[in-house]
Amino acid sequence: MRRNIPKIWQLVGPGIAPALFVAVLAGCGPSRPPTARVEGVVTLGGQPLEGAAVTFTPVEGGRPATGATDAQGRFRLSTFDPGDGAVLGEHVVTVYKEEAAAVVVEDGDLDGGPAGTAPAPRLLVPARYTSRETSELRFTVARRMGPVDITLSPE
């Protein structure tokens, strides 16, 4: 019994096809910009700021890096993979932390009925640090950089 093999495969041979397939796949993946590890400490009024979201947004555009502070105010940024840092270049930095808001339930309805009111969350950092448009925090991410100290003023 003769198999019907396409002419192209007869010409390139069985050994070339898998190599060609791998080469095509290698060129299809998304290209990521280079990153550098970024870690540091956030303080507010001289005290470590626990539970804050830290975001480094590239000035030239691109994917932001994010991290969260621990009890000592320490953070480590991630962009594509956990702990990989931020893309190289200049960044606008924002820091955000709000007080957890409790929902007030009216008439004891907890099963998805009309909810009560929730007070607006209260910011625990000055509002100017929470937006790219108002934050004056800027850092340049470079390949071999030391820890970043982000010092927030309470006023």
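Report follows, based on the coordinates. From a predicted model like this one, the values you see are computed outputs, not experimental measurements.

Attention now moves to the overall build of the protein chain. The number of helices and strands found in the protein chain is two helices and ten strands. By the burial criterion, 26% of the 155 residues in the protein chain qualify as buried. Taking all contacts inside the protein chain whose residues are at least 6 apart in sequence as the whole, residues at least 24 apart take part in 65%.

Scanning all chains against the criterion turns up two aromatic pairs. Ring centres of Phe56 and Phe75 lie 6.5 Å apart, and the angle between their planes is 45 degrees; on these two criteria the pair is classed as tilted. Separated by 19 residues along the polypeptide, Phe56 in strand β4 (residues 53-58) and Phe75 in strand β6 (residues 74-76) bring together distant segments of the chain. A relative accessible area of 0% means that Phe56 is categorised as buried. You can call Phe75 buried: its relative accessible area is 4%. Each ring, one from Phe56 and one from Phe139, has its centre 5.9 Å from the other, and the planes form 20 degrees; the classification is stacked. In this pair, Phe56 sits in strand β4 while Phe139 sits in strand β9 (residues 138-141), placing the two residues 83 residues apart along the sequence. Taken together through their ring pairs, the aromatic side chains of Phe56, Phe75 and Phe139 make up a single cluster.

If you trace the four strands from one edge of the open sheet to the other, you get β5-β4-β8-β9, paired in antiparallel fashion. Of all strands in the sheet, those with a lone pairing partner are β5 (65-68) and β9, marking the two edges. Shown here is a sheet whose adjacent strand axes are inclined to one another by a mean of 30 degrees, direction ignored.

When a strand is regular, its side chains alternate between the sheet's two faces. Residues of strand β10 (residues 148-152) alternate between two faces, with Val148, Ile150 and Leu152 buried on one and Asp149 and Thr151 left unburied on the opposite face. Of the pairings in the sheet, the one linking strand β2 (residues 39-44) to β10 comprises five bridges and is parallel in character. Bridge assignment links Thr43 to a residue of β10, and that residue is Thr151.

For the rest of this paragraph, the subject is the pattern of salt bridges. Within this structure, the stated rule accounts for six salt bridges. In this structure, Glu39 and Arg37 form a salt bridge, with 3.1 Å as the shortest nitrogen-oxygen distance. The shortest N-O distance in the salt bridge between Glu99 and Arg122 comes to 3.3 Å. Here the residue Glu99 occupies a position in the loop between β8 (89-96) and β9, and Arg122 occupies one in the loop between β8 and β9, the gap between them amounting to 23 residues. Judged by its relative accessible area of 47%, Arg122 is partly exposed. Among the charged side chains, a salt-bridge network with shared partners connects Arg37, Glu39 and Arg76.

In this section: the side chain of His91. Mapped onto the elements of the fold, His91 is located in strand β8. Side-chain polar atoms of His91 contact the backbone oxygen of Val87, separated by 2.7 Å. Leaving out residues up to four positions away in the same chain, His91 has contacts with Phe56, Thr57, Pro58, Val59, Ala86, Leu137, Arg138, Phe139 and Val141.

About the criteria used
- Residues numbered from 1 in each chain as written.
- Predicted model: local features only at pLDDT ≥ 70, side-chain atom pairs only at ≥ 80, totals over all residues.
- Heavy atoms only, no water.
- Helix = DSSP H or I, 4+ residues; strand = E, 2+ residues; numbered from the N terminus.
- Buried < 20%, exposed > 50% of the residue type's maximum accessible area, 1.4 Å probe, protein only.
- Contact = heavy atoms within 4.5 Å.
- Phe/Tyr/Trp six-rings, centres within 6.5 Å; stacked < 30°, edge-to-face > 60°.
- Pairing = 2+ DSSP bridges.
- Axes fitted to C-alpha atoms, helices over the stretch in contact; angles between N-to-C directions.
- Salt bridge = Lys/Arg side-chain N within 4 Å of Asp/Glu carboxyl O.
- Polar contact = N/O pair within 3.5 Å; in protein donor to acceptor, adjacent residues only side chain to side chain.

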